[in-house]
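# Analysis of the macromolecular model
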Amino acid sequence: MPKMKSNSAASKRIRVTGTGKLMQAGSAMRHNLEHKSARKRRVLKADQVLAPSQTKNMRKLLNH
């Protein structure tokens, strides 16, 4: 039986921590940064834990 392929789009956007939590990068940091305040940019820069409602679907895509 062949290996299961993980969804490459999901694997680029989400990473699994050592404890098994799913982390995502902050969104809205691609463009129009000059209009956002420094405080807003600082907050968005940090990684966030994925919402529990999305975690089940993402685990399926990542084969994890």
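Rules behind the numbers
Residues numbered from 1 in each chain as written. Predicted model: local features only at pLDDT ≥ 70, side-chain atom pairs only at ≥ 80, totals over all residues. Heavy atoms only, no water. Core = buried A, V, L, I, M, F, W, Y, C linked by side-chain atoms within 4.5 Å. Buried < 20%, exposed > 50% of the residue type's maximum accessible area, 1.4 Å probe, protein only. Contact = heavy atoms within 4.5 Å. Pairing = 2+ DSSP bridges. Helix = DSSP H or I, 4+ residues; strand = E, 2+ residues; numbered from the N terminus. Axes fitted to C-alpha atoms, helices over the stretch in contact; angles between N-to-C directions. 1 Å grid on protein atoms, 1.4 Å probe; cavity = no way out; pocket = protein on both sides within 12 Å on 5 of 7 lines; lining within 4 Å. Points joined across faces, edges and corners; volume = space filled by probe spheres on them. pLDDT = per-residue confidence, 0-100.

Glancing now at the nonpolar core. Nonpolar side chains tend to gather and get buried jointly when the protein is soluble and globular. In terms of nonpolar packing, the biggest core is built from five residues, these being Ala 10, Ile 14, Leu 22, Leu 50 and Leu 62. Discounting residues that sit within four places of it in the chain, Leu 62 has contacts with Ser 6, Ala 10, Ser 11, Ile 14, Val 16 and Leu 22.

Moving on: the sheet that holds strand 3 (residues 48-49). The strand order across the open sheet formed by three strands is 1-2-3, and the pairing between neighbours is antiparallel. The open sheet has two edge strands with one neighbour each: strand 1 (14-16) and strand 3. As judged from the two bridges shared by strand 2 (residues 22-24) and strand 3, these two strands associate in the antiparallel manner. Along strand 3, the bridge assignment pairs Gln 24 with Gln 48. Helix 3 (residues 52-62) contacts strand 1 and strand 2 of the sheet and is inclined by roughly 95 degrees relative to strand 2.

With that settled, consider the layout of surface pockets. The calculated volume of the largest pocket comes to roughly 340 Å³. Contributing to the lining of the largest pocket are 14 residues, with Arg 13, Ala 25, Gly 26, Ser 27 and Arg 30 lying nearest its centre. Secondary structure elements with two or more residues in the lining of the largest pocket: helix 1 (8-13) and helix 3. For the lining of the largest pocket, the leading source of residues is helix 1, giving three residues.

Another aspect to go through is the confidence of the model for the protein. Looking at the protein as a whole, its pLDDT mean stands at 93, while 100% of the residues score no less than 70. Per-residue pLDDT, averaged within each element of the protein, yields its smallest value for helix 2 (residues 38-45) (93) and its largest for strand 2 (95).

The phi torsion at Asn 32 lies on the positive side, around 60 degrees, for a residue other than glycine. Within the element layout of this structure, Asn 32 appears in the loop between strand 2 and helix 2. Under the relative-accessibility criterion, Asn 32 is labelled partly exposed at 47%. Backbone geometry places Asn 63, a non-glycine residue, at a positive phi of 55 degrees. By the secondary structure assignment, Asn 63 is in the segment after helix 3.

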